[in-house]
Structure formats: C-alpha cells, structure tokens
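Observations on the three-dimensional arrangement
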Amino acid sequence: MNAPAMLSDESRELISLLAFIYLENNRPERATALLHALEAVKASDNRNRCALALAQLRSGKPKAALATLDALAMKAPPTAVFHLLRSDCLQALERHEEAMAAMRAFVALRQQAVPARETDHA
C-alpha cells in the first residue's frame, strides 16, 4: 500500500476553508468529500473532524455523523462543540434521552468556560 500524500499547511488550510465555505452555502455533501479527503491523507485535525460530523448531519446522515464523533472521542477529550453536535445527531436519530444528556454536557462545559473568559478581560 502506498503512503498517503503529504499536504502542505497552506493546502490543508485551503481545503479546510473551502469545506467551511461549502457548509456555509448549503453544500454539505461537497464539504463532506473535502473533509474525508483530509482524513484520507492524515491531514485532518479535531476541528475538521467536528466539521465533518456537521457536514454529515446536514447531509441527512446522522448515523455517519455520530460515528465520526465517536471516533473523535477516542482521539481527544470531548469539547462543548462535540457535545452540541452529538446532541443534534442523537435528536435526529430520535434517541432523546441521550440527546438531552449530551446537551447537559454541552451546557456544563460552556458554563465552565465563562469564568475563564471573564478573568481574561480583568
């Protein structure tokens, strides 16, 4: 098997930006393709993995989005954004109790972040 092609930081950022533009312009399938490409060449990061889950969710594929989030959880501690996306995926799958638990985790992490921001401005 061939080693994955290496991308420069500029190329990775350009692909990431283009995926974001596709998401903002209601083209989640195109964003998904670009973000999968970053994964394939091992150039993705946690932000891009969250964006991939969002693109999958907006494409009507909540199971795929949830699988992306589950894989992300194995690589990095869950963030507030992670829990918000997870809640949306679970809600779309009609797993309401789990969706509420994920939303509670989102709110808890957001509340923890607020005091840190307030002290930054002092």
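This section reports on the structure supplied with the text. (Residues numbered from 1 in each chain as written. Predicted model: local features only at pLDDT ≥ 70, side-chain atom pairs only at ≥ 80, totals over all residues. Heavy atoms only, no water.)

Things to note about the packing of helix 3 (residues 46-58) against helix 4 (residues 62-75)
As a packed pair, helix 3 and helix 4 sit with axes 7 Å apart at the nearest point and diverge in direction by 165 degrees. Judged by the angle between their axes, helix 3 and helix 4 are roughly antiparallel. Between helix 3 and helix 4 lies a crossing of left-handed hand. Here helix 3 contributes Asn-46, Arg-49, Cys-50, Leu-52, Ala-53, Gln-56 and Leu-57 to the contact with helix 4, which in turn contributes Pro-62, Ala-64, Ala-65, Thr-68, Leu-69, Leu-72 and Lys-75. Residues that form the contact of helix 3 with helix 4 fall into these classes: 9 nonpolar, 3 polar and 2 charged. (Axes fitted to C-alpha atoms, helices over the stretch in contact; angles between N-to-C directions. Helix = DSSP H or I, 4+ residues; strand = E, 2+ residues; numbered from the N terminus. Parallel < 35°, antiparallel > 145°, perpendicular 65-115°, else oblique. Left-handed = near helix turned anticlockwise from the far one by under 90°. Contact = heavy atoms within 4.5 Å. Nonpolar A, V, L, I, M, F, W, Y, C, P; charged D, E, K, R; others polar.)

Some words on the pattern of salt bridges
Inspection of every chain in the model, using the stated rule, returns 7 salt bridges. The partner of Arg-49 in a salt bridge is Glu-39, and the shortest N-O contact between them spans 2.8 Å. In this pair, Arg-49 is assigned in helix 3 and Glu-39 in helix 2 (residues 28-40), connecting sequence segments 10 residues apart. Because the salt bridges share partners, they merge into one network encompassing Asp-9, Arg-12, Glu-13, Asp-45 and Arg-47. (Salt bridge = Lys/Arg side-chain N within 4 Å of Asp/Glu carboxyl O.)

Looking at the packing of helix 4 against helix 5 (residues 80-92)
Two quantities define a packed helix pair, namely the angle between the helix axes and the distance between the axes. Orientation of helix 4 relative to helix 5, taken along the N-to-C sense of each, is 150 degrees, at an axis distance of 9 Å. The two elements helix 4 and helix 5 cross, and the hand of that crossing is left-handed. On helix 5, the residues touching Pro-62, Ala-65, Leu-66, Leu-69, Asp-70, Leu-72 and Ala-73 of helix 4 are Phe-82, Leu-85, Arg-86, Cys-89, Leu-90 and Ala-92. Class assignment of the residues belonging to the contact of helix 4 with helix 5 gives a composition of 11 nonpolar, no polar and 2 charged.

Describing helix 2
Here helix 2 is 13 residues long and its end C-alpha atoms lie 18 Å apart, about the 18 Å a rise of 1.5 Å per residue gives. Pro-28, Ala-31, Thr-32, Leu-34, Leu-35 and Leu-38 are the residues of helix 2 that are buried. Packed against the buried residues of helix 2 are helix 1 (9-24) and helix 3. Count one or two residues on from helix 2 and you reach Lys-42, which has phi positive near 55 degrees. (Expected span 1.5 Å × (residues − 1). Buried < 20%, exposed > 50% of the residue type's maximum accessible area, 1.4 Å probe, protein only.)

Structural notes on unusual backbone geometry
Notably, Lys-42 is not glycine yet its phi reads approximately 55 degrees, a positive angle. Note that Lys-42 resides in the loop between helix 2 and helix 3. Even without being a glycine, Glu-94 presents a positive backbone phi close to 60 degrees. The topology assignment puts Glu-94 in the loop between helix 5 and helix 6 (96-120).

Focus on the nonpolar core
Counting residues in each nonpolar core, the largest one holds 13 residues, and the members touching the most others are Ala-53, Ala-65, Leu-69, Leu-85, Cys-89 and Leu-90. Those elements that provide at least two residues to this core are helix 3, helix 4, helix 5 and helix 6. In contact with Leu-69, other than residues within four places in its own chain, are Ala-53, Phe-82, Leu-85, Arg-86 and Cys-89. Counting 9 residues, the second largest nonpolar core, distinct from the first, contains Leu-34, Leu-35, Leu-38 and Ala-55. (Core = buried A, V, L, I, M, F, W, Y, C linked by side-chain atoms within 4.5 Å.)

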